[in-house]
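Structural overview
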Amino acid sequence: MKHFMQLSSIQKSVLVASIIADGEITKIYKNSRRKNHSYREHYGSQQEEYRVWKSSFFNGLLYLTRKSNTLRSKSSPLFTELYPYFYSVNGTKKIPFELIDQCTHFYFLAILYLDDGSLCITKRINHNTKKIYLLPTIAFYLQCYTKEELILLKQFLSEHHDLDLYLNKRKDGNGYILKLSKEIEVTSFLSRVHSHTVDCKSMQYKTNWEHRVKLESIKLKKEYPGYETLSSNSKRHRNYSDSEINAMLEMKRNQFTDKDIAAALNRTYWSIVYKFQELRKNGSL
């Protein structure tokens, strides 16, 4: 793995997630003049900015061919080296568990989501009050992989990225995808993805919940004139004020439990847990 090990932690995470999701390592056919494999990833024209952003991590290794809407590489020993980790003998794609242990940077999860994930919205309509409540769910459409592989991936994402996904049955592919549906976990996940992709504006419909609510509100006003569209979690997941953060830190120093702190600040337990994780990462705790 000489060439793979020369990549940075972020590059490993972005590349492995890309190959698992939308990307592919091209085959070398019999009698081909090529000595090495290459990378290829097709995209829709509306996602070109995202591919430009993705290619910026690799210092020229990946480049865009706009005529064919393709993000690609030249033939490279790196992809020859990687090919057997991502493909079985019969050419079926597989998750390279020998490699993902080195993909602990959050960009691994962000790219997996941006490539193969979706921000799904459930509507709850109260016709008496003329209010429409929007609830977010995250889905990772990885049904090309087996149930056993998804279970192992789920465990990896739980251990390294604090994400509690669950298996959801599908009729296509191998029958399963991964989903996240608890509101506090979904909004926390979206916040983390957005912070890592803030300079990729075209993907805000997937990463910025407030932006997505505004887009959905515009659509729903045409279908339900006179109705108000609300995020079901807008109040519970409001930003933390400086006074709340100071109170959290003081209570933590005085050995209050996270549950007690949540009750004192009128927050959910998981909101407090994730906020403390954020404070630890930035050195405030």
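Anyway, here's the lowdown on the structure attached to this text. Just so you know, the residues in each chain are numbered from 1, in the order the chain's sequence is written. In keeping with the predicted nature of the model, local features appear solely for residues at pLDDT of at least 70, side-chain atom pairs appear and are counted solely at 80 or more, and the whole-chain, interface and lining totals rest on all residues. With hydrogens and water excluded, all non-hydrogen atoms of the structure serve as input to the side-chain values.

Let's shift gears to a nonpolar patch on the surface. Residues form patches when they are more than 30% accessible in relative terms and have no salt bridge. Like charges link within 9 Å. Nonpolar side chains (Val, Leu, Ile, Met, Phe, Trp, Tyr) link within 5 Å. Using a 1.4 Å probe, accessible areas were evaluated by the Shrake-Rupley method; residue-level cover was limited to the displayed protein chains. Just to be clear on terms, a salt bridge is a Lys or Arg side-chain nitrogen sitting within 4 Å of an Asp or Glu carboxyl oxygen. A contiguous nonpolar patch, built from Tyr205, Leu215 and Ile218 and spanning about 250 Å² of accessible area, is present on the exposed surface. The helix count covers DSSP runs of H or I at least four residues long, the strand count covers runs of E at least two residues long, and both are numbered beginning at the N terminus. Structurally, the position occupied by leucine 215 is in helix H10 (residues 209–223).

What follows is about the nonpolar core. Take the buried residues of types Ala, Val, Leu, Ile, Met, Phe, Trp, Tyr and Cys, join any two whose side-chain atoms come within 4.5 Å, and each joined set is a nonpolar core. Relative accessibility thresholds used throughout: buried, under 20% of the residue-type maximum; exposed, over 50%; partly exposed, between the two (1.4 Å probe, protein chains only). Residues Leu82, Phe108, Phe140 and Phe189 are the most contacted members of the largest nonpolar core, which totals 65 residues. It is helix H6 (residues 106–116) that provides the largest number of residues to this core, a total of 9 residues. For this analysis, residues touch if any pair of their heavy atoms sits within 4.5 Å. Setting aside anything within four residues of it in sequence, one finds phenylalanine 108 in contact with Ser13, Val16, Ala17, Ile20, Ile100, Cys103, Leu153, Phe156, Leu157 and His161.

A separate point is the sheet that holds strand E3 (residues 63–65). Each pair of strands is called paired provided DSSP finds at least two bridges between the two strands. Across the sheet, which stays open at both edges, the 4 strands sit in the order E1-E2-E4-E3 with antiparallel pairing between neighbours. Of all the strands in the sheet, the pair left with one neighbour each is strand E1 (24–25) and E3. Note that strand E2 (residues 39–42) and strand E4 (residues 70–72) share 3 bridges and pair antiparallel. Bridge pairing in E4 links histidine 42 to threonine 70.

Attention now moves to the packing of helix H11 (residues 242–253) against helix H13 (residues 269–281). Axis definition: a line fitted to C-alpha atoms, limited for helices to the stretch in contact. Angles are taken between N-to-C directions and run from 0 to 180 degrees. Following both chains from N to C, one finds H11 and H13 inclined at 90°, their axes separated by 12 Å at the closest point. Classified by the interaxial angle, the pair formed by H11 and H13 is roughly perpendicular. Mapping the contact onto sequence places Ile245, Met248, Leu249 and Lys252 in H11 and Ile272, Lys275, Phe276, Leu279 and Arg280 in H13. Classification convention: Asp, Glu, Lys, Arg as charged; Ala, Val, Leu, Ile, Met, Phe, Trp, Tyr, Cys, Pro as nonpolar; all other residues, Gly among them, as polar. Taken together, the residues of the contact of H11 with H13 sort by class into 6 nonpolar, no polar and 3 charged. Throughout this description, any angle smaller than 35 degrees is read as roughly parallel, any larger than 145 degrees as roughly antiparallel, any in the 65 to 115 degree range as roughly perpendicular, and the remainder as oblique.

Time to look at helix H2 (residues 9–20). The span one expects for a helix is its residue count, reduced by one, times 1.5 Å. With 12 residues, H2 extends 17 Å between its outermost C-alpha atoms, agreeing within 8% with the 16 Å of an ideal straight helix rising 1.5 Å per residue. H2 sits mainly inside the fold: 10 of its 12 residues count as buried.

A word on the pattern of salt bridges. Side chains carrying opposite charge are able to pair once their charged atoms draw close together. In the structure shown here, the tally under the stated rule is 12 salt bridges. The salt bridge involving aspartate 172 is made with arginine 170; its shortest N-O contact spans 3.1 Å. Owing to a relative accessible area of 33%, aspartate 172 belongs among the partly exposed residues under this scheme. Three or more residues are tied together by salt bridges with common partners; here these are Asp22, Glu41, Arg51, Lys54 and Asp115.

Scope: geometric values only; no functional claims are made or implied.
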